[in-house]
Structures are given as structure tokens and as C-alpha cells.
Amino acid sequence: MNESDENRRGNGVLVNQDRKGDEDRGGVAAEAAEKVAALLESCKALQDKAATHAARIKYDSQTLSQQATSVVAEIKNVRAFINSAHDHIDPRVAEKLEEDIFRARNMVYEGDAASLLPAKPNGYFLTTLLGPVNVRAPRNDVRLKVKEEYNSYRDRTALVFLAFPCVLLLLKNWCWNGCFPALPVQLYQAWLLFFYTSLALRENILRVNGSDIRPWWVYHHYCAMLMALISLTWGLQGHPSCIRKQQGVRFFLAWALMQGIAMLLQNRYQRQRLYTRIALGKAGRMDVVWGETSGVKGQIWVLYPLLFTLQIFQFSIGALLLRTSILEDEAEWQMVACGLLLLIMAVGNFSNTVATVVAKARIKAKMKQTKHVLQRMSSASRLKKAS
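Thresholds applied
Residues numbered from 1 in each chain as written. Predicted model: local features only at pLDDT ≥ 70, side-chain atom pairs only at ≥ 80, totals over all residues. Heavy atoms only, no water. UniProt positions renumbered as here; feature names shortened; annotations may be inferred. Helix = DSSP H or I, 4+ residues; strand = E, 2+ residues; numbered from the N terminus. Buried < 20%, exposed > 50% of the residue type's maximum accessible area, 1.4 Å probe, protein only. Contact = heavy atoms within 4.5 Å. Areas by Shrake-Rupley, 256 points an atom, 1.4 Å probe, with all protein chains shown as cover. Axes fitted to C-alpha atoms, helices over the stretch in contact; angles between N-to-C directions. Parallel < 35°, antiparallel > 145°, perpendicular 65-115°, else oblique. Left-handed = near helix turned anticlockwise from the far one by under 90°. Nonpolar A, V, L, I, M, F, W, Y, C, P; charged D, E, K, R; others polar. Core = buried A, V, L, I, M, F, W, Y, C linked by side-chain atoms within 4.5 Å. Salt bridge = Lys/Arg side-chain N within 4 Å of Asp/Glu carboxyl O. pLDDT = per-residue confidence, 0-100.

The protein chain goes by TMPIT-like protein in an unreviewed UniProt entry, where it is assigned to Riccia sorocarpa. According to the UniProt record, the Subcellular location (unreviewed entry) comment for the protein chain reads "Membrane". Looking at the Sequence similarities (unreviewed entry) heading of the UniProt record, one finds this comment for the protein chain: "Belongs to the TMEM120 family."

Further remarks concern the overall build of the protein chain. Looking only at helices and strands, one finds 10 helices and 0 strands in the protein chain. Here the protein chain holds 387 residues, and the buried ones make up 34% of them. Long-range contacts, defined here as pairs at least 24 residues apart, represent 76% of the contacts in the protein chain between residues at least 6 apart. Of the roughly 23700 Å² of accessible surface on the protein chain, a fraction of 63% belongs to carbon and sulfur atoms.

Look at helix α3 (residues 123-130) against helix α5 (residues 182-208): their axes get within 10 Å of each other, and the N-to-C directions meet at 115 degrees. The angle between α3 and α5 falls in the class roughly perpendicular. Crossing handedness for the pair α3 and α5: left-handed. Listed contacts from α5 to Phe125, Leu126, Leu129 and Leu130 of α3 are Thr197, Ala200, Leu201, Asn204, Ile205 and Val208. Of the residues belonging to the contact of α3 with α5, the class tally is 8 nonpolar, 2 polar and no charged.

Right, let's get into the UniProt feature "transmembrane region" (unreviewed entry) in the protein chain. When the UniProt feature table is mapped onto this chain numbering, "transmembrane region" (unreviewed entry) sits at residues 217-236, 248-265, 301-321 and 333-359. What you have in residues 248-265 is 100% helix and 0% strand, and the ends, taken at the C-alpha atoms, are 26 Å apart. For the annotated span residues 333-359, helix accounts for 100% and strand for 0% of the residues, and the straight-line distance between the end C-alpha atoms is 39 Å.

What follows covers the nonpolar core. Phe161, Tyr188, Leu192 and Phe195 are the most contacted members of the largest nonpolar core, which totals 44 residues. Within the residue set of this core, elements represented by two or more residues are α4 (140-174), α5, α6 (215-232), α8 (247-279), α9 (303-327) and α10 (333-386). For this core, the leading source of residues is α5, giving 9 residues. In terms of nonpolar packing, the next biggest core, distinct from the first, is built from 7 residues, Val72, Ile82, Ile101 and Leu117 among them.

Next up on the list: the pattern of salt bridges. If you walk through the whole model with that rule in mind, you get 5 salt bridges. Several salt bridges converge on common partners, so that one network encompasses Lys96, Asp100 and Arg103.

This brings us to the confidence of the model for the protein chain. Confidence along the protein chain averages 77 in pLDDT terms, with 74% of residues attaining 70 or more. Note on residues 291-297: pLDDT is under 50 here. Beyond four places in sequence and across chains, it has 32 contacts.

Right, let's get into the packing of α4 against α5. Relative to each other, α4 and α5 sit at 165 degrees, their axes nearing to 11 Å. When the interaxial angle is binned, α4 and α5 end up roughly antiparallel. Seen along the crossing, α4 lies across α5 with a hand that is left-handed. Its residues placed into classes, the contact of α4 with α5 shows 19 nonpolar, 2 polar and 5 charged.

Glancing now at the environment of Ser115. Along the chain, the position of Ser115 falls in the loop between α2 (91-109) and α3. Along the primary structure Ser115 and Ser61 are separated by 54 residues, whereas in three dimensions their C-alpha atoms are 9.5 Å apart.

Below, the structure is given as C-alpha cells:
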């Protein structure tokens with residue numbers, strides 16, 4: 001009897017514990033449900049506020065974008081009016097007005113208002129590599145960082161551009177008995193393919209973000225990319241006279257060595273000149289140094305002769321490759337393709353260099369003419385006061 005009572009009491013204790021556990025679990029579940037419900041309410045409220053904020057930003061952006069577009073049109077109209085009435089305006093006043101217009105244009109294109117202007121299309125190259133993504137920086141400081149990174153990349157790669165062919169030419173005589181192995185030259189061509197592709201990618205992004213880059217510069221890099229890709233498929237060995245077959249390779253490496261020196265000169269001196277022009281208000285902060293086709297004042301006796309020599313040398317290499325392909329019985333198609341691309345790049349570089357020289361000469365002549373007019377006007381005013 002005592003044993004059965006003890007069993008009933010034990011069973012009752014277990015039942016009470018089970019009920020208490022169920023009540024505890026029910027309370028925890030209810031508390032968790034309340035927290036989840038409160039979290040959903042908070043997220044819904046946040047989403048509603050964010051949607052309202054986004055709609056307001058979109059409306060404000062559309063309004064400001066229309067205003068920015070109208071201001072750009074007004075800048076063009078005012079500039080056209082001043083150009084048409086240039087003969088009836090005092091030269092000093094006209095020069096001051098041109099500076100003010102340039103300053104107003106920079107406020108729109110170089111400031112935060114630039115993100116409100118209609119975006120330039122990415123183009124086929126960017127769309128092919130990146131897809132239909134927006135590569136335009138939303139803030140001015142981000143655009144300037146993109147430009148500075150591009151300048152730093154040019155500085156870094158200029159040293160590699162100079163060192164790579166130099167090492168290959170030295171090893172050809174010291175270790176390879178006058179003939180290049182295929183692998184080192186193909187590694188160099190692979191690096192050139194990467195180099196020109198990355199430059200073209202960065203330049204297209206800079207153009208979308210408002211940089212003033214000549215179209216030929218980008219097209220030149222497209223041609224260089226194609227030539228590097230073709231060169232990777234060009235066999236350098238398997239000829240009884242590798243020295244004769246690799247003559248074009250030696251000339252190309254020598255040209256690349258000179259090109260590396262020219263790049264170092266341009267990156268150093270033209271960058272300083274560009275910063276000076278930006279400080280004087282004659283260039284935008286997103287403008288970059290033009291590549292293989294330009295020089296600046298103070299470098300005409302150093303950089304321009306080197307550039308023209310490079311272009312003539314480049315044309316000669318292309319002509320040599322085409323001539324060799326005609327004379328040889330078993331000429332590869334890569335020789336013809338690379339020769340044509342070298343000729344196209346040499347002619348394009350030469351024409352753009354000449355255009356740059358002519359443009360600088362016109363600007364210099366215009367400045368001299370304005371200076372003479374101002375001198376005559378000041379002399380006439382002094383004579384009038386004296387009389």
C-alpha cells in the first residue's frame with residue numbers, strides 16, 4: 001500500500017513537471033512570436049520610409065537634371081553669341097568673358113552637378129566586357145579617384161613597358177645565341193594584350209565620366225590589342241634562319257624600348273603641365289594627359305622629335321613585315337596582319353601629332369594677336385590721355 005501511494009505521488013510530480021514545461025515553452029513561443037511580429041513591423045516601416053525617400057530623390061534628381069540640361073544649353077548659346085559678336089567686343093572683355101564661360105562650364109561638368117547630366121553611352125567595348133552596367137561615378141570625388149588611379153597605373157606600367165623589351169634584347173645576345181625562344185616573346189605579347197586592354201577599359205570609363213580623351217587614342221589601343229592577340233599565334237621558330245625570321249621582332253622590341261622612354265617623359269612632364277593648366281582654369285580636373293601623340297610647351301626639342309622618330313620607325317617595321325611577306329614563299333598571315341596594323345597605328349599617330357602641333361601653333365598665334373591688339377589699345381589710350 002505504501003509502495004503504490006509512493007508511485008502515484010511520483011507520477012503526479014512528473015505530470016506537474018510536464019505541464020510546467022509545456023507552459024514555459026508556450027510562453028517562450030509567444031514571446032518569440034511577438035518579437036518577430038515587431039521586427040516585421042519595423043522592417044515594413046523602414047521599407048515604406050525608404051521607398052518614400054527614394055521617390056523624393058528620384059523626383060528631385062529629375063528636376064535638377066532638367067535644370068542642368070537647360071544650363072548646358074544656355075552655356076552653348078552664350079558661347080555661340082560671344083563668338084558671333086567677337087569683332088564687336090573689346091579683346092580684354094572677350095578674354096574675360098571666355099574665362100568666365102569656361103569657369104561656369106567647369107562648375108557644371110566638374111562639380112557634383114555632373115552626375116545630373118545625361119550619361120554618355122558605355123559603347124560597344126565596355127558593354128562587351130562589363131555588360132549593361134552603369135560605370136558613371138555618382139560623386140565628383142569618386143570620379144577624381146578614378147582619374148588618379150589611371151595616372152598611377154600609367155606610371156607603374158611605363159616602367160614595365162620599358163624594362164620588358166630591354167631584358168629580352170639583352171638575353172638574346174647573352175643567353176639565347178641571337179634567337180628568341182617562343183615562350184618569353186609570347187609572355188611579352190600576353191602582357192601587352194593585358195596592358196592595352198586595361199588601358200582601353202580605363203579610358204572608356206574615364207570618357208563616360210567626363211574626361212577629355214581623343215578618340216584616336218582609344219582606337220590606337222584597340223589596334224594594339226588586336227596586334228598583341230595575333231602575335232600570340234605567330235610561331236617564331238621552325239625556320240632555318242631564325243635571325244632573318246625574327247628581324248621584325250627585334251625591330252619591334254627596339255621600338256617598344258623607345259616607346260617606353262617616351263611614355264616616361266610624357267607621364268612626367270605633361271602631368272606637371274596639365275596640373276598647371278588646371279590651376280589656371282584652362283583645363284578640367286577630369287582631363288588626362290594625351291598618350292602617344294602629344295607634347296607640351298618646353299618639350300618641343302625633346303618629345304616631338306622622339307615621337308616623330310617613333311612613328312617613322314613604327315611605319316618602317318610595318319613596311320618591313322609586309323615586304324617580307326611578299327618576298328617569302330611561305331609567309332604567315334600573322335605577318336601581313338601585324339604589318340597592316342603597324343602601318344595604321346603609325347599613320348594615325350603621325351596625323352594626330354601634326355594636328356596637335358597645328359592646334360598649339362594656332363593657339364599661340366591667337367595669343368600673340370590678342371597681345372598685339374591689347375598693346376595697340378593701351379598705346380592709343382596713353383596718347384589720348386597725353387593729348
